[in-house]
Amino acid sequence: MKSFLKKISVLLLTATLLGGCGSGNFAGAAEDFIEENEEQADDLITVGFSQLGAESDWRSANTDSMMSAFTEDAGYNLIYKNGQQKQANQITAIRTFIQQEVDYIVLAPATESGWDTVLSEAREAEIPVILVDRRVNASDKNLFSCWVGSDFELEGRKVAAWIKAFTGTKDIAPEDLHIVNIQGNLGSSAQIGRTRGLANAARENGWDLMAEVSGDFTETKGRETMGALLKRFDNINVVYCENDNMAIGAIDALESAGKRVGSDIDKGEVMVVSFDGVNQKALEYAGEGKISCIAECNPLHGPRVRALIEALENGESPRKFNYVDEKIFSREEGVDEVVVDGEVYKVERQF
Ligand code: GYE
């Protein structure tokens, strides 16, 4: 709104100057121009979106979803900034949005910590901040209006529950599960939750969780990390990848090292499990049994963020934390559902 007023005053000044030139037609044209822009600027809500990067297929789907939800037709002017995985870039983007006097800031934060200062600046400027996907661990929860995203620890617990149930059907002893975790970028909510889900399950079940190493959520880093882990350990039989892109890289490294990928651990295969269910190749791998289980992570937050902004525009106070429902996929026989905290999740065969 403030930016709208600023635009209009610039236009009025221009019109006065043009009017002073004494050309009636010219002044008339300027007036039309003002009217058109007035309508446009008045109608549009300006949203500054700081996306953290473009590291995965999940992220691209998330960006697309935001782009298609915040169109001019829908009444928005979206300013998109890609943080290239660097928090410093995201902080700069937010400061630019504040200078531009946007109506809302939407932040998909790379990591959880380090946001207090810049979010306080947004609050000073009275610009509501909506978090999407990952979270921040701000000292004051009023530094943001609300959040929408996934329960990452629940995703991890679902995969762990599936591993437990599936290996149980094969009579594999817990201590015979030699697991490595290829983690997402350290300090991000998705990494923290998924890592915790596995680590707790490993402790509770007596699994051999041998290593946790970050693969930064990228295919290249997943491949590299898996290669390095294969040099450190010769008994890995479960690879828990915190996203599909890293799973694809890890599978490549495993196969290049002459390993067979699949769920027959007792026959020497290495079982790969992962998260997202967005990447086409990962879904194909799941269909072929190269990825044994995928916990869905839904990236289509654009319409959800828009609904939150609409609620704020209408003077409503949306819920602070908004979780999306997600499924679990596996083509493997034997486990039809997993139960976490008394909640039953049917194992989906179609994907
Ligand atoms: O799982 C991964 C992406 O934060 C949920 O980030 C997101 C994660 C997603 O790069 O693929």
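Just so it is clear, the model here is predicted, and its values are computed rather than measured.

Caption draft 1: Geometry of empty space enclosed by the protein. Applying the stated rule across the entire model yields two cavities of 30 Å³ or more. In this model, the largest cavity occupies a volume close to 100 Å³. As for the largest cavity, its lining consists of 13 residues, of which Trp58, Arg59, Arg134, Arg194 and Asp276 are closest to the centre. Counting only elements with at least two residues in the lining of the largest cavity, the list comes to α3 (57-69) and α7 (189-205). Along the lines of polarity and charge, the residues of the lining of the largest cavity split into five nonpolar, two polar and six charged.

Caption draft 2: Region of interest: the pattern of salt bridges. Scanning the entire structure with this criterion turns up 20 salt bridges. Glu219 is the partner of Arg223 in a salt bridge, and the nearest nitrogen-oxygen pair spans 3.0 Å. Of the two residues, Arg223 and Glu219 are both situated in helix α8 (residues 219-232); the distance of four residues between them amounts to about one turn of the helix. Exposure remark for Arg223: the relative accessible area of 29% places this residue in the partly exposed category. Here Glu332 and Arg331 are joined by a salt bridge, their closest N and O atoms 3.7 Å apart. Given the relative accessible area of 9%, Glu332 is considered buried. Among the charged side chains, a salt-bridge network with shared partners connects Glu55, Arg59, Asp133 and Arg134.

The rules behind these values
- Residues numbered from 1 in each chain as written.
- Predicted model: local features only at pLDDT ≥ 70, side-chain atom pairs only at ≥ 80, totals over all residues.
- Heavy atoms only, no water.
- 1 Å grid on protein atoms, 1.4 Å probe; cavity = no way out; pocket = protein on both sides within 12 Å on 5 of 7 lines; lining within 4 Å.
- Points joined across faces, edges and corners; volume = space filled by probe spheres on them.
- Helix = DSSP H or I, 4+ residues; strand = E, 2+ residues; numbered from the N terminus.
- Nonpolar A, V, L, I, M, F, W, Y, C, P; charged D, E, K, R; others polar.
- Salt bridge = Lys/Arg side-chain N within 4 Å of Asp/Glu carboxyl O.
- Buried < 20%, exposed > 50% of the residue type's maximum accessible area, 1.4 Å probe, protein only.

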